[in-house]
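# Overview (structure and organization)
What follows is the residue order along each chain.
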Amino acid sequence: MKKNGVISFLVVLSFALCFSNCINPMPIDLSTPFSSAHATPTPRAFGALAVQRGINLGNALDAPTPGEWGVSIQPCYFEAIRSAGFDSVRLPVRFSAHAAKSPPYTLDPTFVALVDETLQPALAAGLIVILDLHHYEEIMDDPAGQRQRFLAIWQQLAGHYQGAPENLYFEILNEPVKHLDAAAWNDLIAEVVPLIRLSNPQRVLIIGGADYNSISALDALQLPDDDRLVVTFHFYEPFKFTHQGAGWVQGSHEWNGTTWNGTDADKRLIEEHLDRAVAWSAQRQVPLLMGEFGSIITADPASRQRWTAFVARQAEKRNIPWLYWQFCSDFGVYDCQQQSWDTGLLQALIP
Ligand code: BGC
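To start, this report covers the structure provided alongside it. Not measured: the values here are computed from a predicted model. (Residues numbered from 1 in each chain as written. Predicted model: local features only at pLDDT ≥ 70, side-chain atom pairs only at ≥ 80, totals over all residues. Heavy atoms only, no water.)

### Digging into the overall build of the protein chain
Looking only at helices and strands, one finds 11 helices and 10 strands in the protein chain. Each of the 351 residues in the protein chain was classed as buried or not, and the buried ones make up 53%. In the protein chain, 76% of the contacts between residues at least 6 apart in sequence involve partners at least 24 apart. (Helix = DSSP H or I, 4+ residues; strand = E, 2+ residues; numbered from the N terminus. Buried < 20%, exposed > 50% of the residue type's maximum accessible area, 1.4 Å probe, protein only. Contact = heavy atoms within 4.5 Å.)

### Examining the pattern of salt bridges
Taken as a whole and judged by the stated rule, the model has 12 salt bridges. Close ionic contact of R149 with E138 constitutes a salt bridge, the shortest N to O distance being 3.3 Å. Here the residue R149 occupies a position in helix α5 (residues 143-160), and E138 occupies one in helix α4 (residues 137-141), the gap between them amounting to 11 residues. Here E138 falls in the partly exposed class, since its relative accessible area comes to 27%. The partner of E191 in a salt bridge is R147, with the nearest N and O atoms 2.3 Å apart. Of this pair, E191 sits in helix α6 (residues 182-199) while R147 sits in helix α5, and the two are 44 residues apart along the sequence. (Salt bridge = Lys/Arg side-chain N within 4 Å of Asp/Glu carboxyl O.)

### What to know about the sheet that holds strand β5 (residues 205-208)
Strand order in the closed barrel formed by 8 strands is β1-β2-β3-β4-β5-β6-β7-β8, with parallel pairing between adjacent strands. In this sheet, adjacent strand axes meet at a mean angle of 25 degrees when their direction is disregarded. (Pairing = 2+ DSSP bridges. Axes fitted to C-alpha atoms, helices over the stretch in contact; angles between N-to-C directions.)

### Description of α6
The end-to-end C-alpha distance of α6 is 26 Å, a good match for the 26 Å that 18 residues give at a rise of 1.5 Å each. Residues of α6 that are buried make contact with α4, α5, β4 (168-171), β5 and α7 (210-213). (Expected span 1.5 Å × (residues − 1).)

None of the figures reported here should be taken as evidence of function without further support.
Dropping the structure here:
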């Protein structure tokens, strides 16, 4: 009885501390390892990657400044995500906007504290968290000029999170593109993976191919000999359906009104893409993850549901774990203002 009372007190105290931290982020010393006091370390069998169905918390910490794109992650979202049946979240973070421009490229401790405060309730809710270096635009324009900075950012993050529970995974870089082509990307991978491994020998690392993490770029991907790597790809086919009217895709308003009807030809196109990814994975003996797939919120809802259900089931049929892009905002399945799910789309994801 007494023991239970003490445990309850400690649980309440740790949540109170977490919430007060969320309100007043304190600068932290980056040499202080991430505290996993609020996390639930669950043993994970890597052979069957623990992620099955997840969701991306996009447009929050990947915005140029936190909150600038209208999404601020609240601890209660993680309970909603967990209760809806998801087991994982991907947290895109624009660390490059919070690292000094000159050596030693120090990360802003206040921003890292905000990331910690965001992660802690997700880990405490029992979710797998994929920490993803997102929107590093400078490295796409100048891979050679950003090389040392990229490595310094990962060295700091790897040191900071080395004591975090094993259900924190690292994703090295979202969607290499432009000058960060396959050759330049392979060079960076060869350097950054051993660097992270110095402090995180066991942590699951996620890496995608060049060309926006496309399936077609997988063939050119070179990976170090490391049995705790997972390869991600992003899936938005047909692009004219998923990205109709997307503000960041030039000319996409001309695709407005594109539906996805699920004809045999529509389905075959998707199956062929996924089969190609599976064939690559079987040949290279590396587990796969569909780290992003989704459609824009302005597309016709019935088409979105059909497409989402079809892609998700086809991925599952091939044992490809997936993470939907995204929780709320422009491809969303949740209304953060109303705190309610788009139930039709949620059911398409998790029947
Ligand atoms: C980008 C987002 C975009 C999404 C779909 C993501 O990788 O970071 O900005 O909304 O892909 O295009």
